[in-house]
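Topology and contacts: notes
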Amino acid sequence: MLRRALLALGLLVLMAGTVFAFAFGIDTPSFHLKTSPGETKDNELVVYNQSNSDLNILVSVEDWKYRENRTKQFLKKGTSQFSCGNWIEPEETSFVLAAGQKRKFHFKLRTPQNADGGHQAVLFFEGIPAGSDDAAVKTKKGKPHGGVVIIGKIGALIYQETTGKTKASGEIIDLFGKAQGDNVLASVKFKNTGNTWLEVQGNVVAIDEQGMTIGRGDLAPIKILPGETVLSQIKVV
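All values reported here derive from a predicted model rather than from experimental measurement.

Examining the packing of aromatic side chains
Overall, the coordinates contain seven aromatic pairs when judged by the stated rule. On the basis of an interplanar angle of 85° and a centroid distance of 5.2 Å, the ring pair of Phe105 and Phe125 is categorised as edge-to-face. One end of the pair, Phe105, is in strand β9 (residues 102-110); the other, Phe125, is in strand β10 (residues 118-129), and 20 residues separate them in sequence. On the basis of relative accessibility, which here comes to 0%, the residue Phe105 falls in the buried class. A relative accessible area of 0% places Phe125 in the buried class. Measuring from centroid to centroid gives 4.9 Å for Tyr159 and Trp197, while their planes differ by 55°, and the two rings are tilted. Residue Tyr159 is located in strand β13 (residues 152-162), and its partner Trp197 is located in the loop between β15 (183-192) and β16 (198-207); the two are separated by 38 residues in the primary sequence.

Encoded structure:
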């Protein structure tokens with residue numbers, strides 16, 4: 001069962017000498033979806049506007065992958081190796097969210113018959129002050145134009161797994177440590193050898209020559225995409 005969290009964005013925007021306070025968000029920052037080849041799954045989240053001004057919301061889908069430093073790089077949908085961007089159909093691409101209002105938003109994920117493994121994408125919601133420009137809800141190549149002031153962009157990450165067609169596997173390809181004062185800094189290099197994303201967590205235990213435990217360090221959960229190799233450092237105390 002998905003843990004529903006609250007993701008909010010609050011910003012101050014200066015326009016024409018007047019300061020406006022905006023806050024909008026979504027209640028589900030990520031979806032973990034298991035679908036069979038050929039299956040269409042309906043999904044729902046809530047978008048809310050906690051500001052005192054109406055907002056135009058633009059909806060778009062993009063791909064994403066991790067950079068070497070584990071920050072996310074966003075790409076045009078359908079361009080990354082494990083993309084499900086073209087499978088996602090938002091119910092609409094723009095709407096107005098009145099001040100203080102929240103609404104349910106639906107999107108479909110249509111899994112192709114030949115799908116296998118795991119895939120990912122992101123569903124973005126972009127906020128624009130209503131009335132800031134007549135072109136606020138129009139797009140040109142998927143982007144707002146006409147001098148529109150954009151106050152924020154919030155994304156729901158999509159993780160998809162194909163039922164019966166997914167291989168989850170990985171291996172530790174290197175493990176080493178070095179003394180750091182009275183502690184040990186352990187480095188673990190892990191490779192995702194399967195065809196779907198993995199969430200890896202665990203611990204490193206240091207023992208002495210008599211087999212007694214002298215230290216322990218926990219690896220915080222980390223998501224790794226297919227084919228990726230990640231180096232993680234753990235302080236063993």
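A short note on the sheet that holds strand β18 (residues 229-236)
To summarise the sheet geometry, strands pair through backbone hydrogen bonds and adopt either a parallel or an antiparallel arrangement. Strand order in the open sheet made by the three strands is β14-β15-β18, with antiparallel pairing throughout. Edge strands, defined here as strands with exactly one partner in the open sheet, are β14 (170-180) and β18. Neighbouring strand axes in the sheet, compared pairwise and without regard to direction, differ in orientation by 20° on average. Two elements, β14 and β15, share 10 bridges in a ladder whose sense is antiparallel. If you follow Asp174 over to β15, its bridge partner there is Lys189.

A few points about the confidence of the model for the chain
The predicted model of the chain has a mean per-residue pLDDT of 83, with 82% of residues at 70 or higher. Per-residue pLDDT stays below 50 along residues 1-21; that stretch engages in 54 contacts with residues further than four places along the chain or on separate chains. Here residues 134-148 is modelled with pLDDT under 50, and outside its nearest four sequence neighbours on either side it reaches 25 contacts, counting other chains as well.

Notes on unusual backbone geometry
Excluding glycine, most residues fall at negative phi; most peptide bonds, likewise, are trans. In the Ramachandran plot, Arg70 falls in the positive-phi region, its phi being about 75° despite a non-glycine side chain. Mapped onto the elements of the fold, Arg70 is located in the loop between β5 (55-66) and β6 (72-76). Residue Arg70 is classed as partly exposed on the basis of its relative accessible area of 23%.

Things to note about the nonpolar core
In terms of nonpolar packing, the biggest core is built from 25 residues, with Leu45, Val47, Ile88, Phe95, Phe105, Phe125 and Ile158 touching the most fellow members. Only β2 (18-26), β3 (30-35), β4 (40-49), β5, β8 (94-97), β9, β10 and β13 provide two or more residues apiece to this core. The next biggest cluster of nonpolar side chains, apart from the first, holds 13 residues, and it includes Ala186, Val204, Ala206 and Leu219.

What to know about the environment of Lys65
Within the secondary structure, Lys65 is located in strand β5. Owing to a relative accessible area of 38%, Lys65 belongs among the partly exposed residues under this scheme. Separated by 55 residues in the primary sequence, Lys65 and Gln120 place their C-alpha atoms 8.5 Å from one another. Residue contacts for Lys65: discarding those within four places in its chain leaves Thr71, Lys72, Gln73, Leu75 and Leu225.

Rules of the game
- Residues numbered from 1 in each chain as written.
- Predicted model: local features only at pLDDT ≥ 70, side-chain atom pairs only at ≥ 80, totals over all residues.
- Heavy atoms only, no water.
- Phe/Tyr/Trp six-rings, centres within 6.5 Å; stacked < 30°, edge-to-face > 60°.
- Helix = DSSP H or I, 4+ residues; strand = E, 2+ residues; numbered from the N terminus.
- Buried < 20%, exposed > 50% of the residue type's maximum accessible area, 1.4 Å probe, protein only.
- Pairing = 2+ DSSP bridges.
- Axes fitted to C-alpha atoms, helices over the stretch in contact; angles between N-to-C directions.
- pLDDT = per-residue confidence, 0-100.
- Contact = heavy atoms within 4.5 Å.
- Core = buried A, V, L, I, M, F, W, Y, C linked by side-chain atoms within 4.5 Å.

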